[in-house]
Amino acid sequence: MAAKTALITGVAGQDGGHLAKLLHEKGYEVYGTLRGQLEASHPRYQAVKTEMPYVNIVLADMMDIAALTRAMQEIKPDEVYNLAAISHVGYSFRDPILTADLTGKGVLNVLEAVRLAGLEKTTRFYQASTSEMFGGLDYNRPGSGYDEESLFHPRSPYGVAKLYGHWITKNYRESYGMHASCGILFNHEGERRGPEFVTRKISKAVARIKLGKQDVLELGNLDSKRDWGYAGDYVEGMWRILQQDEPGDYVLATGETHTIREFVELAFKQVGIELRWDGTGESETATDVASGNVVLRINPEFYRPAEVDILLGDPAKAETKLGWERKVDFPGLVKLMVEHDLAEEA
Ligand code: GDD
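Here's a quick rundown of the structure. Quick caveat: nothing in here was measured; it's all calculated off a predicted structure.

Things to note about the site of the ligand
Taken together, 24 residues are adjacent to the ligand, and Ser87, Ser131, Tyr158, Ser224 and Glu307 come closest. At 2.9 Å from an oxygen atom of the ligand is found a main-chain nitrogen or oxygen belonging to Val198. One of the side-chain nitrogen or oxygen atoms of Arg226 is found 2.7 Å away from an oxygen atom of the ligand. The residue inventory of the shell around the ligand, partitioned by class, reads 9 nonpolar, 8 polar and 7 charged.

Put into structure tokens, the structure is as follows:
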């Protein structure tokens, strides 16, 4: 049988890298989009070429329906994984219009490109939906967490844009019979995470502080809670979603939630630093008990205009129907990230 072909939008992102590797290992011919203006000499282009030589790079901007349609016509992918987006929640408050265009309408552009290429009956489509669509306000299921039936209440321009992407994907499933599915993924992290996200910001800073290359880590809200898993486990879930006979929506989560403060504490512990917490709110600090140095303080610049206080997911459907399971638990995730950054910073 001929190898399957997959097209990943946003292949240069955290999940794009994990997924491209997984699909390559499964024998797929893998194509990945990069923004149109990224020429072969661009560092991002070079990084993909070097790290993932098996990826066929396609230059196609999410806003350029002609380029996306051309890509579909030429590649005729069996599976499309739509991962491209502005994905930083904090940033989406600063650039809400670009976020709506890319993270929201960009999904429609890719779906339309599939249809314009006449592939809606043959190409399977995965949309990267997110737990940010729930928003933490309608949290009324203590113990079990959000599932596929929970109410949405997004709390950021990013969450609102993702909700559009979610519903337009369902609409194309219902209107055109497309095998179009949504993975509602809770936070997933790891060594490929961008340093602007809180877990990687912490693991990098902890490594640098341990190595004497940085004094203090500045963070915003330490009280929010997240359901954190390992990105490598989650891309396996994405693939499984597209292997089902029927399209559908699936929550991928761990079923555990932890505060940012807990992540910080565990990360410092990983390098042998015990913390003492003092003060509250903007005056809160953490001190290295052994050295007496303040190693963490609050910078309100990192607060968000509206916050998602708690995310906790219930992955029962994915576990039962997809046979999806996670290999990395919360302490394992913190350890993996800190160890990686210690090696990288050394
Ligand atoms: N980024 C960041 N930087 N977040 C901070 C900081 C900081 O200095 N200090 C505290 N936080 C808090 C945020 O306020 C938020 O409550 C939490 O840490 C997690 O922030 P992020 O790591 O930026 O992730 P996120 O939960 O907002 O969004 C991520 O997960 C979503 C899935 O639930 C992103 O990956 C989204 O793209 C994804 O959809």
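Quick look at the sheet that holds strand S5 (residues 124-130)
Taken together, 7 strands build an open sheet; the order of strands is S3-S2-S1-S4-S5-S6-S11 and the sheet is parallel. Where the open sheet ends on each side, the last strands, each with one partner, are strand S3 (55-59) and strand S11 (249-252). Between one strand axis and the next, the sheet turns by 20° as a mean value, whatever way the strands run. Summarising the sheet, S5 and strand S6 (residues 180-185) pair through 6 bridges and their orientation is parallel. Paired with Tyr126 across the two strands is Ser181, which belongs to S6. Packing against the sheet, helix H1 (residues 14-25) makes contact with strand S1 (5-9), strand S2 (29-34), S3 and strand S4 (79-82), and its axis sits at approximately 175° to S1. Packing against the sheet, helix H8 (residues 231-242) makes contact with S4, S5, S6 and S11, and its axis sits at approximately 135° to S4.

Thresholds applied
- Within each chain, residue numbers correspond to sequence positions counted from 1 in written order.
- The model is predicted, so local features are restricted to residues of pLDDT at least 70 and side-chain atom pairs to those at 80 or more, both for listing and for counting; the totals for chains, interfaces and linings are taken over all residues.
- Water and hydrogen atoms play no part in the side-chain values, which are based on all heavy atoms of the structure.
- Definition of nearness: a residue and a molecule or strand are near each other if at least one heavy atom of the residue lies within 4 Å of the molecule or strand.
- Any N or O atom pair separated by 3.5 Å or less is treated as a polar contact, with the protein-specific requirement of one donor-capable and one acceptor-capable atom, and with residues adjacent in sequence counted only for side-chain atom pairs.
- Amino acids are sorted into nonpolar (Ala, Val, Leu, Ile, Met, Phe, Trp, Tyr, Cys and Pro), charged (Asp, Glu, Lys and Arg) and polar (every other residue, Gly among them).
- Whether two strands pair depends on DSSP finding at least two bridges between them.
- Secondary structure elements are defined from DSSP: runs of H or I of at least 4 residues count as helices, runs of E of at least 2 residues count as strands, and each element is numbered from the N terminus.
- Simply put, an axis is a line fit to the C-alpha atoms, just over the touching stretch for a helix, and the angle between two N-to-C directions goes from 0 to 180 degrees.
- Contacts: residue pairs with any heavy atoms within 4.5 Å of one another.

Any functional reading would require information that these geometric values do not contain.
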